[in-house]
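Below, each chain spelled out in residue letters.
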Amino acid sequence: MSKIRTDHDTTTEASSDFGHIVEATPSGVFHPTFPADIVTLIRFSLSQPTPFAVAPRGKGHSSQGQALAPGGIVVDMQALGDGRRTNHRVAVLFDEMYVDAGGEQLWINVLHAALEHGLTPCVWTDYLRITVGGTLSNAGIGGQAFRHGPQISNVHELDVVTGTGEMITCSPEVNPALFFAVLGGLGQFGVITRARIRLERAPKRVKWVRLAYSDVHSFTTDQELLISKRTSGSGFDYVEGQVQLNRTLTEGHKSSSFFSASDLARLTGLTVETGSVTIYYIEGAMYYDEDTAASVDQKLEALLEELSFVTGFVFVRDASYVEFLDRVGREEQNLRSAGAWDVPHPWLNLFVPRSRIVDFDAGVFKGILRDANPVGLILIYPMNKDKWDDRMTAVTPEEDVFYAVGLLRSAVGRGEGDLEQLERENAAVLEFCDRAGIGCKQYLPHHASLDGWRRHFGAKWGRVAELKARYDPRAILSPGQGIFPPAT
Ligand code: FAD
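Now for a description of the structure that goes with this document.

Cut-offs and rules
- Residues numbered from 1 in each chain as written.
- Predicted model: local features only at pLDDT ≥ 70, side-chain atom pairs only at ≥ 80, totals over all residues.
- Heavy atoms only, no water.
- Buried < 20%, exposed > 50% of the residue type's maximum accessible area, 1.4 Å probe, protein only.
- Helix = DSSP H or I, 4+ residues; strand = E, 2+ residues; numbered from the N terminus.
- Contact = heavy atoms within 4.5 Å.
- Core = buried A, V, L, I, M, F, W, Y, C linked by side-chain atoms within 4.5 Å.
- Near = heavy atom within 4 Å.
- Polar contact = N/O pair within 3.5 Å; in protein donor to acceptor, adjacent residues only side chain to side chain.
- Areas by Shrake-Rupley, 256 points an atom, 1.4 Å probe, with all protein chains shown as cover.
- Nonpolar A, V, L, I, M, F, W, Y, C, P; charged D, E, K, R; others polar.
- Salt bridge = Lys/Arg side-chain N within 4 Å of Asp/Glu carboxyl O.
- Axes fitted to C-alpha atoms, helices over the stretch in contact; angles between N-to-C directions.
- Parallel < 35°, antiparallel > 145°, perpendicular 65-115°, else oblique.
- Left-handed = near helix turned anticlockwise from the far one by under 90°.
- Phe/Tyr/Trp six-rings, centres within 6.5 Å; stacked < 30°, edge-to-face > 60°.

### As for helix H12 (residues 327-337)
Taken together, the buried positions of H12 are occupied by Arg327, Gly329 and Glu332. In this structure, the buried side of H12 is in contact with strand E11 (205-213), strand E12 (238-245), strand E13 (278-288) and helix H11 (321-325). Looking one or two places after H12, you find Gly339, whose phi comes out positive at around 70°.

Written out as structure tokens, the structure reads:
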């Protein structure tokens, strides 16, 4: 096991994550060169009288210690393939329209490799410096998911090292139980070492649009129209949205990577004019290339005519496809230079059923968070449930349409902006959802009790426990999720 490092700097680095909330020191960090090294590690663990925990760590961009291994071994997935001059762990097959990507690969690398062939994956998370294995263990959602489903719905095949130390190739046809278990499986059943991901032809450019609303009804009606097939033409290729609380506009940044200072001044004016405590934006993107460049403006104009945003409050940027997809990468650079990236991130992500989104808005945005600290972002956008495969471990609400709501806030201050305050607000939001029977599910979930996990998985719980007993019976994998206590 010479690939294990136990020095202070290495273990300290693997003791925390993007959330900066939970800390847990591993005994060591394992640097595999080949997937077979992970097989060896897991078998070695199982050969011990008390097996040690093994946590694959992609980029460690979880918020609640999900990739930590207290007292166990963290697998630095990014070590796979290290030291080679070319990246042999991303291979695009043009004729078959797929890419084989190592589980440790960053999505930004997958993007660039696919683009060399004029191809692209169909669904993107907002941020691309996270790994294939990390997002497939959750779902991988973003503005394209309404049309293509989450990233887990766009995988043909996986190589997985199970918690029993076997390397298994699986797909919907071969070893389907493992395939569906691992997708959205929170790292509980195996380590993804390769994923075969569907590709489509890549566009060149994007009309990137934001539309402002002062009223939640028009906002959600338009979002739901945009993710349905009811728009004329093919509509937007990407649909997300944001809520701006009053204080974000009055006290937040005076310009952003999308809005100029004068745009933001107009939006602040809108809250005063309408007396609304919240402003909503739909964020849409329409892809185009040389063949469609001549008609894209006309197509966009026709689509905008079907929508009910506040007259005149439409903001359009023209961007390259890569510039658009990598937008949070630029934001990261800005936050890093402002010293605001490596701070606590008590993020709370929820899937809220469509029928209760207006109640959620009233209770949370206009209630609990009405005067909340403005640092961070609140995302809100709908997705279609029929694009999710219920055989997968990932869970969603029951309704045909549900909203992803991300309270993506940073604790950068003292007093009202500190971590405890934001955590109290998150707890109040969850309590409100419980009390009001909103029926939401957490995305990137964190539950402190077994009962919380049982309720999270609902009807899938029995199956999840059964699959755990089959693929990781000693419960050594990804202990930071806190679902299954290690077997003694
Ligand atoms: P890690 O944090 O390293 O690991 C996450 C979990 O997966 C852990 O339990 C770990 O043990 C397990 N794991 C890691 N690698 C593997 C593997 N190869 N096989 C099996 N299990 C593994 N998510 C979205 O869906 N949409 C978004 O738009 C989005 N935007 C984000 C923006 C930012 C700035 C950040 C920080 C996160 C965002 N996320 C988003 C969340 C992100 O997808 C998850 O946190 C994801 O887990 C991060 O990937 P990672 O490689 O850092 O995983």
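That shown, we press on.
### Description of the environment of Thr231
Turning to its location among the elements, Thr231 is positioned in the loop between helix H7 (216-227) and E12. Put simply, Thr231 and Leu303 are 72 residues apart on the chain and 7.2 Å apart in space, counted from C-alpha to C-alpha.

### Considerations on the nonpolar core
Grouped together as the largest cluster of nonpolar side chains are 83 residues, with contacts concentrated most on Leu136, Ile141, Leu158, Leu267 and Met383. Sequence-distant contacts of Leu267, that is, excluding residues within four places in its chain, are made with Ala212, Leu249, Phe259, Ile279, Tyr281, Phe313 and Phe315. One finds Phe146, Tyr288, Leu307 and Phe309 within the second-largest nonpolar core, a separate group that totals 42 residues.

### Let's talk about the site of the ligand
The ligand sits among 33 residues. The nearest are Pro56, Gly58, Ser62, Thr131 and Tyr443. One of the backbone N or O atoms of Pro56 is found 2.7 Å from an oxygen atom in the ligand. With the chains in place, 95% of the 950 Å² that the ligand exposes on its own is no longer accessible. Counting residues per element, the ones that place at least two in the shell around the ligand are strand E3 (54-57), helix H4 (132-136) and strand E10 (190-201). Taken together, the residues of the shell around the ligand break down into 13 nonpolar, 17 polar and three charged.

### Overview of the environment of Arg327
Along the chain, the position of Arg327 falls in helix H12. Residues Arg327 and Phe258 lie 69 residues apart in sequence; the distance between their C-alpha atoms is 9.4 Å. If we skip the residues at most four places from it in the chain, Arg327 touches Asp126, Trp208, Tyr238, Glu240 and Glu283. Side chain to side chain, Arg327 and Asp126 meet in a polar contact 3.3 Å long.

### Brief notes about the pattern of salt bridges
In the structure shown here, the tally under the stated rule is 28 salt bridges. Asp100 is the partner of Arg194 in a salt bridge, and the nearest nitrogen-oxygen pair spans 2.9 Å. On the criterion of sequence distance, the pair formed by Arg194 in strand E10 and Asp100 in strand E6 (residues 98-102) is long-range, its members being 94 residues apart. What makes Asp100 buried here is its relative accessible area of 14%. In this structure, Lys460 and Asp390 form a salt bridge, with 3.4 Å as the shortest nitrogen-oxygen distance. Taken together, the residues Lys460 in the loop between helix H15 (450-457) and helix H16 (461-471) and Asp390 in the loop between strand E16 (376-384) and strand E17 (401-409) connect sequence positions 70 residues apart. Among the residues examined, Lys460 registers a relative accessible area of 15% and is labelled buried.

### Regarding the packing of H7 against helix H13 (residues 357-368)
Packed helix pairs are characterised by how far apart their axes lie and by the angle those axes make with each other. At their nearest, the axes of H7 and H13 sit 11 Å apart, and the two run at 130° to each other. On the basis of the axis angle, H7 is oblique to H13. Of the two possible hands of crossing, H7 and H13 adopt the one that is right-handed. In this structure, H7 contributes Val216, His217 and Thr220 to the contact, and H13 contributes Ile357, Val358, Asp361 and Lys366.

### A closer look at unusual backbone geometry
For Met97, which is not glycine, the phi torsion reads 55° and is therefore positive. Secondary-structure assignment places Met97 in the loop between strand E5 (90-93) and E6. Take Met97: its relative accessible area is 26%, and that puts it in the partly exposed class. The backbone phi angle of Ala475 is positive, close to 50°, even though this residue is not glycine. In this fold, Ala475 is placed in the segment after H16. Ala475 gets classed as buried once you look at its relative accessible area, which sits at 10%.

### Some thoughts on the packing of aromatic side chains
Within this structure, the stated rule accounts for 24 aromatic pairs. When the ring of Trp453 is compared with that of Phe457, the centres are 5.9 Å apart and the planes differ by 25°; the resulting orientation is stacked. With a gap of four residues between them, Trp453 and Phe457 both fall in helix H15, about one helical turn apart. Between Trp461 and Phe484, the aromatic rings sit 5.6 Å apart at their centres with planes inclined by 15°, giving stacked as the arrangement. On the criterion of sequence distance, the pair formed by Trp461 in helix H16 and Phe484 in the segment after H16 is long-range, its members being 23 residues apart. Phe484 shares its class with Trp461; the two are buried.

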